[in-house]
Amino acid sequence: MSGFAALVARDLRLVWRRPGDVAVVLAFFVVATTLFPLGIGPEANVLARIAAGVLWCAALFAALLSLDRLFAADFEDGTLDLLLLAPWPLELAALAKCGAHWIVTGLPLALLAPFLGVAFGLEPRALLALAATLLVGTPTLSLIGGLAAALTLGARKSGALLALLALPLCVPTLIFGAGAVEALATGGDFGAHLAVLAALALVALATTPWAIAAALRQAGE
Amino acid sequence: MASSLLEVADLACRRGGRKVFERLSFSVGPGELLALVGRNGSGKTTLLRALALLVRPEAGSIHWQGNDARAEPEAWRGRLAWLGHLEGLKGDLTVAENLLAAERLRGAPPAEDRLDSALVAFDLPSLAARPVRTLSAGQRRRTALARVVLAQAPLWLLDEPLNALDVPAQSAFRAALQKHLAAGGLAIAATHADLGIGGSRTLELA
Amino acid sequence: MADLHFLANPARFRRFSQRVLPSLAFATVLMMAVGLYMALIQSPPDYQQGDTVRIMFVHVPSAWLGMAGYALLAGLGASLLIWRHPLAALMARASAPVGAGFCAVCLLTGSLWGRPMWGAYWVWDARLTSMLLLFFLYLGHIALSRAYDEPERGDRAAAILALIGVINLPIIKFSVDWWNTLHQPASVARLGGPSIHPSILIPLLWMAATLLLLFVLLVLLRTDTEIDRRRLENAEPQS
């Protein structure tokens, strides 16, 4: 357990030394979100209708942005070898890396999104719902994205390939995440959507660490 | 004649479809250094990585005190200290932070009390608070060696340990290695140059 | 100098496929002729959709084979990761484009079928959308297996992807089904087609069997090519 905590702490400390990395991702989120009203038109009820979907999609893209450095940085400076050689399970190390990624990416996105939601005319209940769905849904994105990052370590065109691999697998989370916020507006069952989001996160938790560890071992060969 | 702790039998490795080495057998006992020599591409790094179980060998066995290393990989990894081509250091962390984090990531108890002696062994105390990315190649290599010393592991696997080291640093390395061997430790090192340790054996890879 | 280790299984496979391929090709052509006659001429037109319903005889089996193909990739992936079977990697590399091709045929025929029905070349029908996502998963597998200078690395990465993908497929299907019911389309866009009547069921099953033979034929042919390609790559002098 101490190795897990040490890895999360180390990655958080590294981000603390370079806060610009987080700021860039959040800035991208804001800019990307802004493009939609500019492309579609500022009509209030249209924006309110598309808000949940737009914000969820933009959060998804922003979360993917920082993923290709997740393991590549460790691969390049030799610290990945040390993780492969650590005498505690690699699956836990994979979980620690994705956890640290979520803390510096998914979590800030979830907290920032409601403020952008205001610009789309979402009502306060919907803003809270948006934050809640992102809080529950973004860990899944970090896990799936971490898997895509591990699979593409050292590959050619790894950035685009990572997105190609991750996005289809993120579709269920997107559907239920955006759907949950819309359910609130249309009188659907918000709680049920949130429960499915949580279930998706549990499935990801149960499957991806093993796959990520297998992929990292391939990279070490 | 020291009995052997590490026994490697008929080890074979294949990379990218071609055979790197096969039917490799050797043993190493406490206090012994085994130097791996051979041209570039002869498989020295592959052999070290196979011993560390980073690369899955095609055939052969690795035994430690009679037990199969591959049957208990976590226990085996706990016995290793690794120095590869890359330093294994985070550029944005200081020397001290890197060394302490490396120990914590090995699941070892807090190393603050042992840190000083590792730093002193490689003349690093004055650099302890500097971020690693500001150091020269030789200073980074010394930090990586300090990490190996700090680990207090019985078996050292070293890939070109003298790379980028100036003469004083090479002496410091030799002293640390001799201290490790005198305490009953083992070391296997891939090297182009003579490590200057009396009584070491050599394994030549074609 | 032949590398004995590599040739062990692929050589046996090569002998097997060389024996089987000619009769398999002949059987496929024969079945295709009979099947097309049944589908295009013998079976009755639908009382609602007329002759366009005949697209179903290619559309539905293609969907089945697209899905079965991905299950095959997952099985081959497991075989590669667990038993390090060298042939599994080559067969996976060979079958991924075939499965993707059947997916694409399913999407294209679905689009052609949709045009006379709803006046649109694409509807966000649950099954078409799921098939589209399956097609993306195939593309990811194909791209990943070819993204590495060392082909073995690509094979193993793609194997892991296939296993994760096959677990996610039911989840994706479930989500898309749900998404489709939530966003009720204006027209009832069900590409399920007419209820299955024996005069339609038999040609359908026949075409399914025929296309399955075609799938197997293509995979065997392509696996042979992959064996040759890998042999060539391994024999090249290291630069």
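These figures come from a predicted structure and were not determined experimentally.

Here's the deal with the overall build of chain A
Moving on, step 1. From N to C terminus, chain A includes 10 helices and zero strands.
Moving on, step 2. Written out in order from the N terminus, the α and β elements of chain A read α-α-α-α-α-α-α-α-α-α.
Moving on, step 3. Dimensions of chain A along its principal axes, counting C-alpha atoms only, are 55 × 35 × 30 Å.
Moving on, step 4. In chain A, which comprises 221 residues, the proportion classed as buried is 53%.
Moving on, step 5. Within chain A, residue pairs in contact and separated by at least 24 positions form 78% of the contacts whose partners lie at least 6 positions apart.

Some points on the overall build of chain C
Moving on, step 1. The helix and strand tally for chain C stands at six helices and zero strands.
Moving on, step 2. For chain C, the sequential pattern of α-helices and β-strands runs α-α-α-α-α-α.
Moving on, step 3. Within chain C, the fraction of its 239 residues that count as buried is 41%.
Moving on, step 4. Sequence-distant contacts, at least 24 apart, represent 81% of the contacts inside chain C between residues at least 6 apart.

So, the sheet that holds strand 4 (residues 59–64) of chain B
All names here are of chain B.
Moving on, step 1. The four strands lie next to each other as 2-1-4-5, forming an open sheet whose pairing is antiparallel. Either end of the sheet is taken by a strand with one partner, and the two such strands are strand 2 (18–28) and strand 5 (67–68).
Moving on, step 2. As paired strands, strand 1 (residues 6–15) and strand 4 are joined by five bridges and run antiparallel to one another. Across the sheet, the residue bridging to Ala9 is Ser61, located in strand 4.

Thoughts on the nonpolar core
Moving on, step 1. Counting 205 residues, the largest nonpolar core has Ala59, Ala215 and Leu216 of chain A as its most contacted members.
Moving on, step 2. Mapping this core onto the domain boundaries places at least three of its residues in each of domain 1 (1–79 + 154–206) and domain 2 (88–153) of chain B.
Moving on, step 3. Those residues within four positions of Ala215 of chain A in sequence are excluded, and the remaining contacts are Leu147, Ala150 and Leu151 of chain A together with Ala157 and Ile160 of chain C.

Side note on the packing of helix 5 (residues 137–151) of chain B against helix 6 (residues 167–182) of chain B
When two helices pack together, you describe them by how their axes are tilted relative to each other and by the distance separating the axes.
All names here are of chain B.
Moving on, step 1. Their axes nearest at 11 Å, the elements helix 5 and helix 6 cross at an angle of 10°. Comparing the axis directions of helix 5 and helix 6 gives the class roughly parallel. Touching Gly138, Arg142, Leu145 and Val149 of helix 5 are Ala169, Phe173 and Ala176, all from helix 6.
Moving on, step 2. The residue makeup of the contact of helix 5 with helix 6, split by class, is five nonpolar, one polar and one charged.

Examining the interface of chain B and chain A
Moving on, step 1. Taken together, the contact between chain B and chain A spans 24 residues of the former and 21 residues of the latter.
Moving on, step 2. Of all the elements, helix 3 (residues 95–105) of chain B adds the most residues to the side of chain B that touches chain A, at four residues.
Moving on, step 3. Taken together, the residues that form the side of chain B that touches chain A break down as 11 nonpolar, five polar and eight charged.

Focus on the interface of chain C and chain A
Moving on, step 1. At the interface, 22 residues of chain C touch 23 residues of chain A.
Moving on, step 2. Where the side of chain C that touches chain A is concerned, the elements lending two or more residues are helix 4 (126–145) and helix 5 (151–182) of chain C.
Moving on, step 3. Considering every element that reaches the side of chain C that touches chain A, the biggest residue donor is helix 5 of chain C, with 13 residues.
Moving on, step 4. Each residue belonging to the side of chain C that touches chain A can be placed in one class, and the counts come to 17 nonpolar, three polar and two charged.

Things to note about helix 1 (residues 2–17) of chain A
Moving on, step 1. The end-to-end C-alpha distance of helix 1 of chain A, which contains 16 residues, comes to 22 Å, matching closely the 22 Å that a straight helix rising 1.5 Å per residue would cover.
Moving on, step 2. Among the structural elements, helix 6 (90–104) of chain A together with helix 3 of chain B are those in contact with the buried residues of helix 1 of chain A.

Some words on the pairing of strand 1 of chain B
Residue and element names in this part refer to chain B.
Moving on, step 1. Where strand 1 and strand 2 come together, seven bridges link them in antiparallel fashion. Bridging across to strand 2, Leu11 finds its partner in Leu24.
Moving on, step 2. Hairpin connection, strand 1 to strand 2: the antiparallel pair is bridged by two residues, and Gly16 has positive phi, about 55°.

Considering unusual backbone geometry
Excluding glycine, residues mostly carry a negative phi; peptide bonds, for their part, are mostly trans.
Residue and element names in this part refer to chain B.
Moving on, step 1. Residues other than glycine seldom take positive phi values, yet Leu53 does so here, at roughly 65°.
Moving on, step 2. Structurally, the position occupied by Leu53 is in the loop between helix 1 (44–51) and strand 4.
Moving on, step 3. Located in the positive-phi region is Asp123, a residue other than glycine, with phi close to 55°.
Moving on, step 4. Take Asp123: it is sitting in the loop between helix 4 (112–121) and helix 5.
Moving on, step 5. Residue classification places Asp123 among the partly exposed residues on the basis of 14 C-beta atoms within 10 Å.

Describing the sheet that holds strand 8 (residues 186–190) of chain B
All names here are of chain B.
Moving on, step 1. Judged by pairing direction, the sheet is parallel, and its five strands sit side by side in the order 6-7-8-3-9 without closing on themselves. In this open sheet, the two strands that pair with only one neighbour each are strand 6 (80–83) and strand 9 (201–204). The sheet shows a mean angle of 15° between the axes of neighbouring strands, direction not considered.
Moving on, step 2. Note: strand 3 (residues 33–37) against strand 8, four bridges, orientation parallel. Bridge pairing in strand 8 places Leu36 opposite Ala190.
Moving on, step 3. Helix-sheet contacts for helix 1 involve strand 3, strand 7 (155–159) and strand 8, and the interaxial angle to strand 8 is about 150°.

Quick notes on the packing of helix 2 (residues 56–83) of chain C against helix 6 (residues 198–235) of chain C
Residue and element names in this part refer to chain C.
Moving on, step 1. One way to put it is that helix 2 packs onto helix 6 with a least axis distance of 9 Å and a crossing angle of 50°. Of the possible angle classes, the one that applies to helix 2 and helix 6 is oblique. Crossing of helix 2 against helix 6: the hand is right-handed. Contacts between helix 2 and helix 6 pair Phe57, Val58, Val60, Pro61, Ser62, Trp64 and Leu65 from the former with Pro203, Leu204, Met207, Ala208, Leu211, Leu212 and Phe215 from the latter.
Moving on, step 2. In terms of residue class, the contact of helix 2 with helix 6 is made up of 13 nonpolar, one polar and no charged.

What to know about helix 10 (residues 190–220) of chain A
Moving on, step 1. Between its first and last C-alpha, helix 10 of chain A extends 44 Å over 31 residues, near the 45 Å set by a 1.5 Å rise per residue.
Moving on, step 2. In the structure, helix 10 of chain A departs most strongly from a straight axis at Thr208 of chain A, where the bend amounts to approximately 35° and where the proline Pro209 of chain A lies between one and four residues downstream.

Here we look at the environment of Leu112 of chain C
Residues and elements named next belong to chain C.
Moving on, step 1. Turning to its location among the elements, Leu112 is positioned in helix 3 (residues 86–118).
Moving on, step 2. A residue is classified by how many C-beta atoms lie within 10 Å of it, and Leu112, with 14 of them, is partly exposed.
Moving on, step 3. For the pair Leu112 and Trp122, spaced 10 residues apart in the sequence, the C-alpha separation amounts to 8.7 Å.

Criteria and thresholds
Residues numbered from 1 in each chain as written. Chains lettered and ligands numbered in written order. Predicted model: local features only at pLDDT ≥ 70, side-chain atom pairs only at ≥ 80, totals over all residues. Helix = DSSP H or I, 4+ residues; strand = E, 2+ residues; numbered from the N terminus. Buried ≥ 20, exposed ≤ 12 C-beta atoms within 10 Å, placed from the backbone. Contact = placed C-beta atoms within 7 Å. Pairing = 2+ DSSP bridges. Core = buried A, V, L, I, M, F, W, Y, C linked by C-beta atoms within 7 Å. Domains from an automatic or database assignment. Axes fitted to C-alpha atoms, helices over the stretch in contact; angles between N-to-C directions. Parallel < 35°, antiparallel > 145°, perpendicular 65-115°, else oblique. Nonpolar A, V, L, I, M, F, W, Y, C, P; charged D, E, K, R; others polar. Expected span 1.5 Å × (residues − 1). Left-handed = near helix turned anticlockwise from the far one by under 90°. Bend = angle between axes of the 7 residues up to and from the residue.

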